[in-house]
Amino acid sequence: MSSDFLSVIHPGERKGREKDGSKQVYPVLPVRDTVLFPHAVLPLTVGRESSIQLVQSLGEEKTIIVVAQREARMDTPQPADLYAVGTLATVHKVVKMPNQSLFVFTEGTERVKLTDFDQSTPYMKSAVEVIDDVDPEKSPEAEALQRNILAQFQHIVTASPTLSDELQTIALNIDEPGRLVDFIASSLPILSTIDKQELLETPDVMARMTRMNRHLAKELEVQQLRNKIQSEVQDQVQQSQRDYYLREQMKAIQKELGELDEGQKDIEELREKLEAAGMPEAVKKEGLKELNRLSRMSPMAPDYSITRNYIEWLVVLPWTKSSGSEVDIARAKEILDEDHYDLKKVKERILDYLAVRRLKPDMKGPILCFVGPPGVGKTSLGRSIARALGRKFQRISLGGMHDEAEIRGHRRTYIGAMPGQIMQSLRRAETNDPVFMLDEVDKLGRDFRGDPSSALLETLDPEQNFSFRDNYLDVPFDLSKVLFICTANMLDPIPEPLRDRMEIIELTGYTEDEKVHIAFRYLIPRQIKENGIEEKDIEFPEAAVRSMVRHYTHEAGVRKLEQWIGTVCRKQARRIAEGLTDKLVVTPAVIQEFLGGIKVRVDTEIAERTKRPGVAVGLAWTPAGGDILFIEASRMKGKGGFTMTGQIGEVMQESMQAALTWVRSNAKLLSLKEDFNTEVDLHIHIPAGAIPKDGPSAGVTLATTLVSLMTDTIIRPLTAMTGEITLSGNVLPVGGIKEKFLAARRAGVRDIILPEENRLNVEEDLLPEQLAGVTIHYARRIEDVLAIALPDALKPRVLEEVIQQEPPVTQVPEAAHA
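Conventions used here
Residues numbered from 1 in each chain as written. Predicted model: local features only at pLDDT ≥ 70, side-chain atom pairs only at ≥ 80, totals over all residues. Heavy atoms only, no water. Helix = DSSP H or I, 4+ residues; strand = E, 2+ residues; numbered from the N terminus. Rg over C-alpha atoms; globule rule 2.2 N^0.38 Å. Buried < 20%, exposed > 50% of the residue type's maximum accessible area, 1.4 Å probe, protein only. Contact = heavy atoms within 4.5 Å. Areas by Shrake-Rupley, 256 points an atom, 1.4 Å probe, with all protein chains shown as cover. Salt bridge = Lys/Arg side-chain N within 4 Å of Asp/Glu carboxyl O. Pairing = 2+ DSSP bridges. Axes fitted to C-alpha atoms, helices over the stretch in contact; angles between N-to-C directions. Core = buried A, V, L, I, M, F, W, Y, C linked by side-chain atoms within 4.5 Å. Patch = residues over 30% accessible without salt bridge, like charges linked within 9 Å, V, L, I, M, F, W, Y side chains within 5 Å. Phe/Tyr/Trp six-rings, centres within 6.5 Å; stacked < 30°, edge-to-face > 60°. Parallel < 35°, antiparallel > 145°, perpendicular 65-115°, else oblique. Left-handed = near helix turned anticlockwise from the far one by under 90°. Nonpolar A, V, L, I, M, F, W, Y, C, P; charged D, E, K, R; others polar.

1. Structural notes on the overall build of the chain
Counting its secondary structure elements, the chain contains 28 helices and 26 strands. Computed over C-alpha atoms, the radius of gyration of the chain comes to 46 Å, more than 25% over the 28 Å expected from 2.2 N^0.38 for 818 residues, which places it beyond the range of a compact globule. C-alpha extents for the chain along the principal axes are approximately 130 × 100 × 70 Å. Within the chain, the fraction of its 818 residues that count as buried is 49%. When contacts within the chain are restricted to residue pairs at least 6 apart in sequence, those whose partners lie at least 24 apart make up 73%. Counting only carbon and sulfur atoms, one obtains 50% of the accessible surface of the chain, whose full area is about 41,100 Å².

2. What about the pattern of salt bridges?
By the definition in use, this model includes 40 salt bridges. In this structure, Arg 147 and Glu 143 form a salt bridge, with 2.6 Å as the shortest nitrogen-oxygen distance. Taken together, the residues span about one helical turn, with Arg 147 and Glu 143 both in helix α2 (residues 140-159) at a distance of four residues. For Arg 147, a relative accessible area of 57% translates into the label exposed. Classification of Glu 143 as partly exposed rests on a relative accessible area of 40%. Close ionic contact of Glu 562 with Arg 526 constitutes a salt bridge, the shortest N to O distance being 2.9 Å. On the criterion of sequence distance, the pair formed by Glu 562 in helix α19 (residues 559-577) and Arg 526 in helix α17 (residues 512-530) is long-range, its members being 36 residues apart. In this structure, a network of salt bridges that share partners links the residues Arg 111, Asp 133, Asp 182 and Arg 208.

3. With respect to the environment of Leu 754
Position of Leu 754 relative to the elements: it lies in strand β24 (residues 751-755). Through-space distance from the C-alpha of Leu 754 to that of Ala 720 is 9.0 Å; in sequence the pair is 34 residues apart.

4. Description of the sheet that holds strand β9 (residues 393-397)
Sheet strands line up and pair through hydrogen bonds in the backbone, either parallel or antiparallel. A sheet is described by the order of its strands in space; here five strands give the open sequence β9-β10-β13-β8-β14, paired in parallel fashion. Two strands bound the open sheet, and with one partner strand each, they are β9 and β14 (503-506). Along the sheet, successive strands turn relative to each other by an average axial angle of 20 degrees, direction set aside. Bridge count between strand β8 (residues 367-371) and strand β13 (residues 483-488): five bridges; the pairing is parallel. Opposite Phe 370, over in β13, you have Thr 487 as the bridge partner. Relative to strand β10 (residues 435-439), helix α12 (residues 378-389) is tilted by about 175 degrees, and along the sheet it contacts β8, β9, β10 and β13.

5. Section: the nonpolar core
Core analysis: the largest hydrophobic core is formed by 54 residues, its most contacted members being Phe 370, Ile 385, Ile 538, Phe 540 and Ile 565. For this core, the element with the highest residue contribution is α17, accounting for seven residues. Here Ile 385 is in contact with Leu 336, Ile 350, Phe 370, Leu 483 and Ile 485, once residues within four sequence places are set aside. One finds Leu 274, Tyr 304, Met 423 and Val 441 within the second-largest nonpolar core, a separate group that totals 49 residues.

6. What about a nonpolar patch on the surface?
Together, Ile 229, Val 233 and Val 237 make up a nonpolar patch on the protein surface, roughly 240 Å² of accessible area in all. Checked against the element boundaries, Ile 229 lands in helix α6 (residues 205-257). Assessed through its relative accessible area of 52%, Ile 229 is described here as exposed.

7. With respect to the packing of aromatic side chains
This structure, assessed with the given rule, holds six aromatic pairs. Centre to centre, the rings of Phe 153 and Phe 183 are 6.2 Å apart; their planes meet at 75 degrees, and the pair counts as edge-to-face. Linking Phe 153 in helix α2 with Phe 183 in helix α4 (residues 177-187), this pair joins segments that are 30 residues apart in sequence. In this structure Phe 153 comes out as buried when scored by relative accessible area, which is 0%. Judged by relative accessible area, Phe 183 falls into the buried class, the value being 5%. Seen in terms of ring centroids, Phe 436 and Phe 484 are 5.6 Å apart; in terms of plane orientation they differ by 75 degrees. Their pairing is edge-to-face. Taken together, the positions of Phe 436 in strand β10 and Phe 484 in strand β13 put the pair 48 residues apart, joining distant regions of the chain. Exposure remark for Phe 484: the relative accessible area of 0% places this residue in the buried category.

8. Details of the environment of Ala 658
Looking at the secondary structure, you find Ala 658 in helix α22 (residues 650-665). Remark: the alpha-carbon pair of Ala 658 and Gly 729, spanning 71 residues in sequence, is separated by 9.2 Å.

9. Re the packing of helix α23 (residues 699-711) against helix α27 (residues 782-789)
A pair of packed helices is characterised by two quantities: the angle between their axes and the separation of those axes. Following both chains from N to C, one finds α23 and α27 inclined at 55 degrees, their axes separated by 10 Å at the closest point. One element, α23, and the other, α27, form an angle in the oblique class. The two elements α23 and α27 meet at a crossing, and its hand is right-handed. Facing α23, whose interface residues are Val 700, Ala 703, Thr 704 and Val 707, α27 presents Ile 782, Val 785, Leu 786 and Ala 789. Class assignment of the residues belonging to the contact of α23 with α27 gives a composition of seven nonpolar, one polar and no charged.

Next up, the structure:
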């Protein structure tokens, strides 16, 4: 209830009853968020049906018990829902309100404890025990505490705009400490119901005064802080008003003198920059419109900084500024060859672009996409292209980006809005024709904030990007002169519309010889320089580098190889720092000491694992390049069961079923019983079970594995194969031939069986030096494959027919074998 209704009864006017020690029963009136103290008058609004009946049932005896509820939201409280201590009160006046509720004026008389509830309906009645105050002994401490409470209360009343000054006068006229605390508790609205109830339940006056002193001290501190904050705010408001008046006066004086103030100077500078930026007329018109709007704003306006930032973005963009360098094709070819080994297709495509640009300077920039395994030089190639073209280079990492606004910017209505990465990179490049490297475009994400790959559709389309609109700037910008280069490890995650806009250039892995060449030409000099040593301090013989490539790396690129070379260089740097200045010659023994034991056993793994029937070597394509794939089969007594394991996908499972069906349907050809599988259970497993595998290219390998197992014949040593199989035994072409071939070569394979229709891929993608030392066999049917891999498994008559029909073999002498 509001404190305006609170008053106190003078000690001489106290109404009570004689305490004869007997328990009496009184009606109980539950109240919400209200505590009635003795000697206080409190108006109560009674609206519950049970409470109305209680008030209406009062006769001559106007005494009731007023007690607070524990939970204010409860409409029908039970005895357990009430506090155990309440106040005995006398009802002085009852006023009926228009809404049928009652307005009751009550006067507290004594603290009481509710003991036994005799009635619960229609309203509660309870017996009570009177709780007498335990007055403190007169002492300096008690008197000091009482005075302190009174002084604090006076301070609070004086500082509070809602408390009447009469409360101070009433408090000064109360001598009893217990009544003083009760009066203050009933007068302060800042005390919570729980705090008031605790004071009501404290009969010890000394403890009650201590508790009240603590509450008053806390409230006084809060009031002081509030006053301090209010004073600071008031000072700031006055200061801002003073600054405004002074600024207006200064403007008037400068106007009279014919001078411009700082704000007007900034506006004029921005206007000059807008005129000199060389932007299109439509953009210039928009910029001047915003500039005029800015000139009418107060610098204190919230939109001032937003508008100014927008104009500054417009004037710093390179609307007409280009690199303007002369196209030198010979110099560009020299730079590309200097920075990267091989990569002929990429280099030729860049030189073709330069040649066309020389003939047609206003041509649109191509959109290239380098696809290949990690570590083959995609990102560094973009930097090299920029250097060859004489242009600025900007790299934007798209890996994990999942907000469309990162590409196209945020609208100016948002707090902290700014342009997207495209416009930010143009600002950093300071030219309108830089080389943009969009790195890891296959790792773009998407969520509720938009799809960045869809935002790239306009950016990477030469027919649209001449009028690219950033959401923040909302004016067209010509991106057609920008050379966009994207990189990806694989094409599958890239949406088809985005893939269609890019010219795909595949960068495949390196052979052992190429890695050795790259190591001597690029990696070793770079690591020697980065680790603070000199060429005279360390020597890498070719045999040592070849050993590192063969036994310590198993990758398509050279990133891991560079890490191992860096490790060796750091070891030598440490030796020099420790005082050992002799030159280090890196031998296989040194490599084993520095790098540990051999990590990859490519020379012996295939030979060891294919020593028994039922094990074949397949070829697989992965985002990190090609890899070899071991396929193992086993049989045991059973009833024709067929088990497939190795975390394989549905397509590969179907290939296994097709391979088994072909073997069963051609049992006579293989000298097997037609019902050979009815008495055995077959199990095909592809090791590395933690890696998911799928695709149809292992079909011929699966069929060869089953034939090897059932005929108890060992497959031709160091032979690998790939190709899809049909139920009729045809061998269909597959993809990733170059990656698979290089993986087989790295693993020490000597014979590779490929589908006949992949012959063109071999001739186009593989160089003669890469083919050296490996024999490639082409097959149209599975019988051709078995004739090469398992010549003893077929019947002699059939074998003769197969050999007569066998396609020519591609074989290169061993001379260039690495």
